[in-house]
Amino acid sequence: NAFALQATPNGPATLNYAWMWYQLPYGVIAVSLGTTLLTELSDCAARDDWPGFRKYVSSGLRNTFFLMIPLAAMVCGLAFPLMQMFQAGAFNAEDTQTVGVILMFWTLSLPFYAGYMYMYRVFAAMRKFVQFALVDFVLRFVQVFFYWYLCSGPVGLAGIPVTDFFFYGVMFVVCSFIVRSKVGSYGNGPIMSMFVKTAIASVMAGIVVFALSQFVLGAFPLGGAAAIIEAVAVVCVCGVLGLVIAFGLCKVLRVPEYRLLGSILEKLKRKLLRR
């Protein structure tokens, strides 16, 4: 907040509005998945079942990335209509654009943020949390330095999400190497392949969603309460369409984790039929 205030008087408020949407996919999906697998990881570590531990590390990361990358792309592509939902009172169209741009930059780091937080649970399960804390502690100084450097320069407030992208990315990679040195390889190659394929599918879907949402908002400019209703409709329709495209392309690209989506939909179907 201090560096955001240094960049612009509305910096902290801008970050606050963007952070709410940034955290939503992580809080709903990644936290649930990571919390569930923490029990399995801890059980394997307690029994010295390192093959099982590696399996859960791999499956947890793969499932996390498979779900978070498309959602991050949707939040990025729909950043402006998401912000338009706040467009009432003092929150005007200019604020929508300003906060939307920051949210778009921030969502680029969301998959790495989710991976970094999953590693937090992996280290906790191994009872090697001091190592995680030390790495985090050292890299935080680098993060704060670039907050100061970028926010006080021409990048301005965008320096916060740009720095976070590199911080969470580096933190995740460093933690991955440490875990690999402790428990052995857990299939980094297949994880990277899945990450790239899912990212390609998600970026293509995000571009379609962004173009479609901007066309609708540009063709039918509304104000007041009508603008909020319009934004909700655009987010719902374009968001669903975007996820269908993203996951559909994942199936075409033969991403193995596509089976996870089928399992989730089957569980939802059974619950709905019971009701």
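Cut-off values and rules
- Residues numbered from 1 in each chain as written.
- Predicted model: local features only at pLDDT ≥ 70, side-chain atom pairs only at ≥ 80, totals over all residues.
- Heavy atoms only, no water.
- Helix = DSSP H or I, 4+ residues; strand = E, 2+ residues; numbered from the N terminus.
- Buried < 20%, exposed > 50% of the residue type's maximum accessible area, 1.4 Å probe, protein only.
- Contact = heavy atoms within 4.5 Å.
- Axes fitted to C-alpha atoms, helices over the stretch in contact; angles between N-to-C directions.
- Parallel < 35°, antiparallel > 145°, perpendicular 65-115°, else oblique.
- Left-handed = near helix turned anticlockwise from the far one by under 90°.
- Nonpolar A, V, L, I, M, F, W, Y, C, P; charged D, E, K, R; others polar.
- Patch = residues over 30% accessible without salt bridge, like charges linked within 9 Å, V, L, I, M, F, W, Y side chains within 5 Å.
- Areas by Shrake-Rupley, 256 points an atom, 1.4 Å probe, with all protein chains shown as cover.
- Salt bridge = Lys/Arg side-chain N within 4 Å of Asp/Glu carboxyl O.
- Core = buried A, V, L, I, M, F, W, Y, C linked by side-chain atoms within 4.5 Å.

J.: What exactly am I supposed to notice about the side chain of Thr14 here?
T.: Within the element layout of this structure, Thr14 appears in helix H2 (residues 11-46). Its relative accessible area of 7% is what places Thr14 among the buried residues. In contact with Thr14, other than residues within four places in its own chain, are Thr98, Val99, Ile102 and Leu157.

J.: Help me understand the packing of helix H3 (residues 50-77) against helix H10 (residues 225-252), please; the structure alone is not making it clear to me.
T.: Between two packed helices, what matters for the description is the angle formed by their axes and the separation of those axes. Running from N to C, H3 and H10 cross one another at 140°; their axes reach a closest spacing of 10 Å. As far as their axial angle goes, H10 and H3 are oblique. When the axes of H3 and H10 are compared, the crossing they make is right-handed. Contact residues: Phe66, Pro70, Leu71 and Met74 in H3; Gly239, Gly242, Leu243, Ala246, Phe247 and Cys250 in H10. Its residues placed into classes, the contact of H3 with H10 shows eight nonpolar, two polar and no charged.

J.: Hey, could you run me through a nonpolar patch on the surface in this one?
T.: Together, Val142, Phe145, Phe146, Trp148 and Tyr149 give the surface a local cluster of nonpolar side chains, amounting to about 500 Å² of exposed area. For Trp148, a relative accessible area of 41% gives the class partly exposed.

J.: How should the side chain of Thr107 be read in this particular structure?
T.: One can find Thr107 in helix H5 (residues 93-107). Given a relative accessible area of 2%, Thr107 falls into the buried group.

J.: How should I be thinking about the packing of H2 against helix H6 (residues 110-126) in this particular structure?
T.: As a packed pair, H2 and H6 sit with axes 9 Å apart at the nearest point and diverge in direction by 25°. Comparing the axis directions of H2 and H6 gives the class roughly parallel. The two elements H2 and H6 cross, and the hand of that crossing is right-handed. Here the contact of H2 with H6 is composed, by residue class, of 17 nonpolar, four polar and one charged.

J.: What should I look at first to understand the pattern of salt bridges in this one?
T.: Two side chains of opposite charge can pair, provided their charged atoms sit close to one another. By the definition in use, this model includes four salt bridges. Among the salt bridges present, the one from Asp49 reaches Arg47, with a minimum N-O distance of 3.8 Å. For Asp49, a relative accessible area of 24% gives the class partly exposed. For Arg47, a relative accessible area of 48% puts it in the partly exposed group. As a salt-bridge pair, Arg62 and Glu257 come within 2.4 Å of each other at their nearest N and O atoms. Linking Arg62 in helix H3 with Glu257 in the loop between H10 and helix H11 (258-274), this pair joins segments that are 195 residues apart in sequence. Owing to a relative accessible area of 8%, Glu257 belongs among the buried residues under this scheme.

J.: Just to check I follow, could you spell out the nonpolar core for this structure?
T.: It is characteristic of soluble globular proteins that their nonpolar side chains tend to be buried jointly. Among the nonpolar cores identified, the biggest contains 77 residues, and Phe53, Leu61, Leu103 and Val122 are the most heavily contacted of them. Sorting elements by how many residues they give to this core places H3 first, with 13 residues. Setting aside anything within four residues of it in sequence, one finds Leu61 in contact with Gly115, Tyr118, Met119, Phe172, Tyr186 and Ile191.

Function-wise, these values are silent; they only describe arrangement.
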